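What follows is each chain in one-letter form.
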Amino acid sequence: MTMKKTSKLVAGCVSLLLAVSVPINHASAATGYATQNGNTTGGEGGDTVRVSTGSQLHKAICDRANDDTPLIIEVDGTITLGNTEKHSGSCNTTDDKIELKEISNISIIGIGSNAVFDKIGIHIRESSNIILRNLHVRDVTSSNGGDAIGMESNVSNVWVDHCTLEAFGGENEGYDSLFDMKNNTKYITLSYSVLKNSGRGGLVGSGDGDDQNNYITYHHNHFQNIDSRAPLLRHATAHIYNNFYDGINKSGINPRIGGRAKVQNNVFENAKDPLGTFYTSDLGTWEVSGNIWGPGVTWTSEGEDNYPAGPSPSSTTFFSVPYSYAMDNADCIKSIVLNSAGHGTGLAVSNGGCDGSTSSSTSNSSSNNSSSSSSSSSSSNSSSSNSSSGGTINCAGVNEYPNWTSRNWDGGEYDHAAAGDQMTYQNMLYQANWYTNTQPGSGNAWTLLGACGSSSSSTSSSSSSSSTSSNSTSSSSSSSSSGGPGTTELTIEEGERGFCGVDGDIESEYSGFSGSGYANTDNEDGNGVRWRVSVAESENYLLEFTYANQSEGRSAAVEINGQNRANLTLSTTGAWNAWTMQAINVPLVAGVNDIALLATNPQGLANIDDIKLVGNSVQAADCGGSSSSSSSSTSSTSTSSSSNSSSSSSSGGNPGNLADGFASISGDGRSGTNGGEGGETVTVSNFNDLVAQVADNNARIVRVSGTINGSGMVNVGSNKTIIGIGSGASLSGFGLNVNTWGQPGASGLGDACDADEVGLVAPVENVIIANLNFRDADDDSINVQCWAHHVWIHHNTFYPANDGSVDIKRGSDMVTVSYNRFVGTEKSMLLGHSNKPEIAAMDRGNLRVTYHHNWFDGSRTRHPRVRFGYAHLYNNYWQIDDYAIGLGIEANVYAEANFVHSGKTITSIFSESTGYRLTWTGSNVYDTATITRANDSGKTQKDWLDADGSVPRPTAYSYNPGPAPSSPPNAGAGTL
């Protein structure tokens, strides 16, 4: 193999602020995933020794009191095979190799540009809490293991920073990889490093069965002249941001077999297939935002074992990271990386500017505001107010977290604050209430005083859940919860659920945006962009706006639920394709919240790409209807007040469509589903009244108050909306029967409709069932059958019934089941109930059902089980005990952007099943470690995911699935 020659760096780069002779700062804090799992501190607190040979390095490790005594090793010289010998003592070393084996708490840090590992790699085995900084590892061939840095066998918490890893060819020239992780390697960060001139950049997982590696961060690295694996991810999760890729010759970031990558604000130039799944059909997933796909980027066509993300990359997954990070604008990354990455740069890091200038890494800001610099000067522990005139807060001189120990910090012990001490975090000012070492805003040890430099009303709120970070010195770590309330990260793009409109247009004229475009307001004071979200708790949340602004700064107001919460300026970014973020903390209330960014100047807003919210169980919410979190919840299906009138209004008609999915399409004389819209509204609180109000075919909105007890199945006629009031409305002991054979005209026709009886009775149609709890039904909770059509079942909670929860069968059609929660149900959903020929005659061509945003919470089977019908499944969350999708005879299922949290198997095939088909797209997310059958001995993928890819995507209606939900949807009764 012949590698491409590298070009020299562009002349005229901005000079570095630090000369290479500046002493190394041993105490700089780790970043990324290396901060989790108890943090990575290396030899911090231990003795410091200086070495110039490999033998001396081994001796320094072995002469420690024990295997975990902290030690900082400074390297000043060239380490070679010839000067490296094994040493004995508290170590396990080998001749001719730098071996870090069965040890912990070590930092190896180069002096200036003198620390060179020539033809000798660094091997880490069964070790933890290791820091490697400012080292040049070069020309390591297979005779020395082939990897510049290799981690293998129970390795955790390694931070590699400001290193240059260099090969001079590929496998044919005897080289393997530059940065490899294998056999249970976790919590690793590679930052500000150069990886160049290699056939293989690095991998996570050495083979498809190597599935215990995870949690890797790559940031501010320069990947230069690399053939592939930049990186390759098998099963693992990686956060890849602010890297510069220049010369990717075959393929770049390659998540496969369940690997997933969060790819943010990177720059790609001269890169072939920079992102996708390659060389396999076992797909991975990716989340993309803010990247620049620059000159020389090319994409191949999709084919067998080749699934590029481009030419227009979009997200196929979504996940949050459990730490905070300073992310630079992508337009600045090339100059920043060229001036800071690699050894011999004085550990220079970005200062948040965009001119290529850098600063010392003495302080690693955790701010998420990429438009501000990572600054902190002297601190102040004064408890007096910092407010200036006009209600703004002057934060000058106050330390920025995590810079606890800069001069004049009087908080007490290292990494602690005392009552009254102040710190800034994410451009917000906090004051400690007592002695603490926690991150500002992470608990009630802190009071939020307000936003730095902008108007902010003081608040006594003592808790802000705006951050996903854990304290860098804490032994515990915060993480996203996928099974209940917890810190999550939500990004809302234009056109997605939660985006409620712009006083202007959605445009795509300028490049660099994420999603399908950006919002551009008309030039007028008061115009804005609006969003709607729901949250679990009333507290402060981090809100980030991504925007571009070529002109002068534009003032704006942030309104939450109609109240002004902050005034800010969207500063110029220099160009309409130069995107940056501005972050503030905002108070949200439990339930649904409206967010508006409104211009307070005649020129309108800057171009707004998206918003991001970080906090407790954040979810996008449907636009329209009330934003109140009042317990007397009402549906958008009804704007009428409660009434007990028994008079009839309109007879149904078809004034409008409220549903989505298959329930929204035209067919059988209807053009959608609106339930009882246009009819009278009644409230019922007992079984007899409910039976009477839902039985006929007159349009009616029936509101259920409290718990109604009964038995059997209650027949539901056409043109009905049955909706619970608040979150506690319940039907106990009985179910709802949306069944044409329950109509008065069907009496005498038998218990069940037959194939030859279609047309004898007008079918039940146009039914909405919402916001109800179903408990202990003595048959099914909801049964839709006998050619019933246009039914929408949404925002209900189902508890175990004697039989199924939602069964749809016997020729029924055009149904949507959405935003429901199934709690411990045994038989959750059935689509088609029998293989018999007479039943097949009814079901073929019918049974079209959309299932989306449902949460299967500890339920067991049938999610759904399908015979004959066509099921479209998207954005569902499976947290189950047995199988997700049952594929029965002639089942047709199209599944996309679903999340499998746990289960025995994804698909279950029944012995009598023939002719079944499933398309399982790459946007679905699952971890084989949580799928029992995937780990059974001798099982192949077909045993737990049998998908032939032959089912076409539905085209009868429009929808936007977005990424798979990384936590349960906001589903169930009480979440309308």
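1. A few points about the overall build of the protein chain
So, point 1. Across its full length, the protein chain holds five helices and 70 strands.
So, point 2. Looking at the protein chain residue by residue over its 976 residues, the buried ones come to 60%.
So, point 3. Excluding contacts between residues fewer than 6 apart, the proportion of contacts in the protein chain whose partners are at least 24 apart in sequence is 68%.
So, point 4. For the protein chain, the accessible surface area stands at approximately 33,200 Å², while carbon and sulfur atoms represent 43% of it.

2. Some details on the state of the cysteines
So, point 1. In total, this model carries three disulfides according to the counting rule given.
So, point 2. A sulfur-sulfur distance of 1.7 Å marks the disulfide that ties Cys-62 to Cys-91. On the S-S bond that ties Cys-62 to Cys-91, the torsion sits near 95 degrees, and the link is right-handed. A residue pair is termed long-range when its members are at least 10 positions apart, and Cys-62 in helix H1 (residues 54-62) and Cys-91 in the loop between strand S3 (78-79) and strand S4 (98-101) qualify at 29 residues.
So, point 3. Look at Cys-62 and you get buried, because its relative accessible area is 3%.
So, point 4. For Cys-753, the disulfide goes to Cys-786, at an S-S distance of 2.2 Å. Around the S-S axis, the bridge from Cys-753 to Cys-786 shows a dihedral of about -95 degrees and counts as left-handed.

3. Focus: the sheet that holds strand S27 (residues 292-293)
So, point 1. Taken together, the nine strands give an open sheet; going across it, the order is S3-S6-S9-S12-S15-S18-S21-S24-S27, and neighbouring strands pair in parallel fashion. Two strands in the sheet have a free side with no partner beyond their single neighbour: S3 and S27.
So, point 2. Alignment of strand S6 (residues 116-118) against strand S9 (residues 136-138), held across three bridges, turns out to be parallel. Residue Val-116 lies in a different strand from S9, and its bridge partner there is His-136.

4. Looking at the pattern of salt bridges
Oppositely charged side chains may form a pair once their charged atoms are brought near each other.
So, point 1. The final tally for this structure, using the stated rule, is 27 salt bridges.
So, point 2. Between Lys-59 and Asp-63 there is a salt bridge; the shortest N-O distance is 2.6 Å.
So, point 3. Take Asp-63: its relative accessible area is 46%, and that puts it in the partly exposed class.
So, point 4. Between Arg-700 and Asp-696 there is a salt bridge whose closest N-O contact spans 3.1 Å.

5. Regarding the pairing of strand S2 (residues 71-75)
So, point 1. In terms of residue burial, S2 counts as a mostly covered element, since five of its five residues are buried.
So, point 2. Burial along S2 is two-sided: the residues Leu-71, Ile-73 and Val-75 and Ile-72 and Glu-74 are all buried.
So, point 3. Bridging between strand S1 (residues 47-51) and S2 involves five bridges; their strand directions are parallel. The residue bridging Thr-48 from the neighbouring strand is Ile-72, located in S2.
So, point 4. Chirality of the crossover, the property in question, places the unit of S1, H1 and S2 among those that are right-handed.

6. Re the pairing of strand S26 (residues 285-289)
So, point 1. Buried residues dominate S26, accounting for five of its five residues.
So, point 2. In S26, alternate side chains face the same way, and those of Thr-285, Glu-287 and Ser-289 on one face and Trp-286 and Val-288 on the other are all buried.
So, point 3. Relative to S26, strand S23 (residues 260-264) runs parallel, the two being bridged by five bridges. When the sheet's bridge partners are listed, Gln-264 is paired in S26 with Ser-289.

7. Side note on the confidence of the model for the protein chain
So, point 1. Within the protein chain, residue pLDDT values average 82, and 83% of them lie at 70 or more.
So, point 2. Every residue in residues 1-25 scores below 50 in pLDDT, and together they form 50 contacts with partners more than four places removed in sequence or on other chains.
So, point 3. Contacts for the low-pLDDT stretch residues 625-655, under 50 throughout, to residues beyond four places or in other chains number 70 contacts.

8. Details of the packing of aromatic side chains
The way to describe two aromatic rings as a pair is by their centre distance and the angle between their planes.
So, point 1. Summed over the entire model, instances satisfying the criterion amount to 29 aromatic pairs.
So, point 2. Consider the rings of Trp-920 and Tyr-926, whose centres lie 6.3 Å apart with planes at 50 degrees: the pair is tilted. The pair Trp-920 / Tyr-926 is uniform in exposure class, with both members buried.
So, point 3. For the ring pair Tyr-957 and Tyr-959, a centre distance of 5.7 Å and an interplane angle of 55 degrees mean the geometry is tilted. Each of the two residues, Tyr-957 as well as Tyr-959, counts as buried.
So, point 4. Grouping aromatic residues by their ring pairs yields a cluster made of Phe-774, Phe-798, Phe-822, Phe-856, Trp-878, Trp-920, Tyr-926 and Trp-944.
So, point 5. Here Arg-260 stacks its cationic end above the ring of Phe-319, 4.4 Å away from the centre of that ring.
So, point 6. One residue, Arg-865, lies across the ring of Phe-910, its end atom 3.5 Å from the ring centre.

9. Quick notes on H1
So, point 1. For H1, the set of buried residues is Gly-54, Leu-57, His-58, Ala-60, Ile-61 and Cys-62.
So, point 2. Buried positions along H1 lie against S1, S2, S3, S4, strand S5 (104-110) and S6.

10. Points about unusual backbone geometry
So, point 1. Omega for the bond connecting Ala-230 with Pro-231 falls within 30 degrees of zero, at 0 degrees, which places this linkage in the cis form.
So, point 2. Here Pro-231 lies in the loop between strand S18 (222-228) and strand S19 (232-234).
So, point 3. For Asn-265, which is not a glycine, the phi torsion comes out positive at approximately 50 degrees.
So, point 4. Assignment of secondary structure puts Asn-265 in the loop between S23 and strand S24 (267-271).

11. Quick word on the side chain of Glu-166
So, point 1. Within the element layout of this structure, Glu-166 appears in strand S12 (residues 164-169).
So, point 2. Glu-166 gets classed as buried once you look at its relative accessible area, which sits at 10%.
So, point 3. A distance of 2.9 Å separates the side chain of Glu-166 from the side chain of His-136, its partner in a polar contact.

12. Overview of the nonpolar core
Here is a general trend for soluble globular proteins: nonpolar side chains tend to be buried in one another's company.
So, point 1. Ile-73, Phe-117, Ile-122, Leu-132, Phe-179 and Tyr-218 are the most contacted members of the largest nonpolar core, which has 64 residues in total.
So, point 2. In terms of residues, this core owes the most to one element, H1, which gives four residues.
So, point 3. What Ile-73 contacts, discounting residues up to four positions off in sequence, is Val-49, Val-51, Leu-57, Ala-60, Ile-61, Ile-106, Ser-107, Ile-108 and Ile-109.

13. Focus: helix H2 (residues 330-340)
So, point 1. Within H2, eight of the 11 residues are buried, which leaves the element mostly enclosed by the surrounding structure.
So, point 2. Buried within H2 are the following residues: Ala-330, Cys-332, Ile-333, Ile-336, Val-337, Leu-338, Asn-339 and Ser-340.
So, point 3. N-cap assignment for H2: the residue whose side-chain oxygen lies 2.9 Å from the backbone N of Asp-331 is Asn-329.

14. So, the sheet that holds strand S20 (residues 237-241)
So, point 1. In space, the 10 strands of this open sheet follow the order S1-S2-S5-S8-S11-S14-S17-S20-S23-S26, with parallel pairing throughout. Bordering the open sheet on either side are S1 and S26, each of which pairs with just one other strand. Averaged over all neighbouring strand pairs, the angle between strand axes comes to 10 degrees, with direction disregarded.
So, point 2. Judged from the four bridges that link them, strand S17 (residues 214-219) and S20 form a sheet pairing that is parallel. Of the residues in S20, the one forming a bridge with His-219 is Tyr-241.
So, point 3. Its contacts with the sheet put H1 on S1, S2 and S5, and the angle it makes with S2 is roughly 170 degrees.

Cut-offs applied
- Residues numbered from 1 in each chain as written.
- Predicted model: local features only at pLDDT ≥ 70, side-chain atom pairs only at ≥ 80, totals over all residues.
- Heavy atoms only, no water.
- Helix = DSSP H or I, 4+ residues; strand = E, 2+ residues; numbered from the N terminus.
- Buried < 20%, exposed > 50% of the residue type's maximum accessible area, 1.4 Å probe, protein only.
- Contact = heavy atoms within 4.5 Å.
- Areas by Shrake-Rupley, 256 points an atom, 1.4 Å probe, with all protein chains shown as cover.
- Disulfide = S-S within 2.5 Å.
- Pairing = 2+ DSSP bridges.
- Salt bridge = Lys/Arg side-chain N within 4 Å of Asp/Glu carboxyl O.
- Right-handed = clockwise from strand over helix to strand, strands pointing away.
- pLDDT = per-residue confidence, 0-100.
- Phe/Tyr/Trp six-rings, centres within 6.5 Å; stacked < 30°, edge-to-face > 60°.
- Lys NZ or Arg CZ within 6 Å of the ring centre and 35° of its normal.
- Polar contact = N/O pair within 3.5 Å; in protein donor to acceptor, adjacent residues only side chain to side chain.
- Core = buried A, V, L, I, M, F, W, Y, C linked by side-chain atoms within 4.5 Å.
- Axes fitted to C-alpha atoms, helices over the stretch in contact; angles between N-to-C directions.

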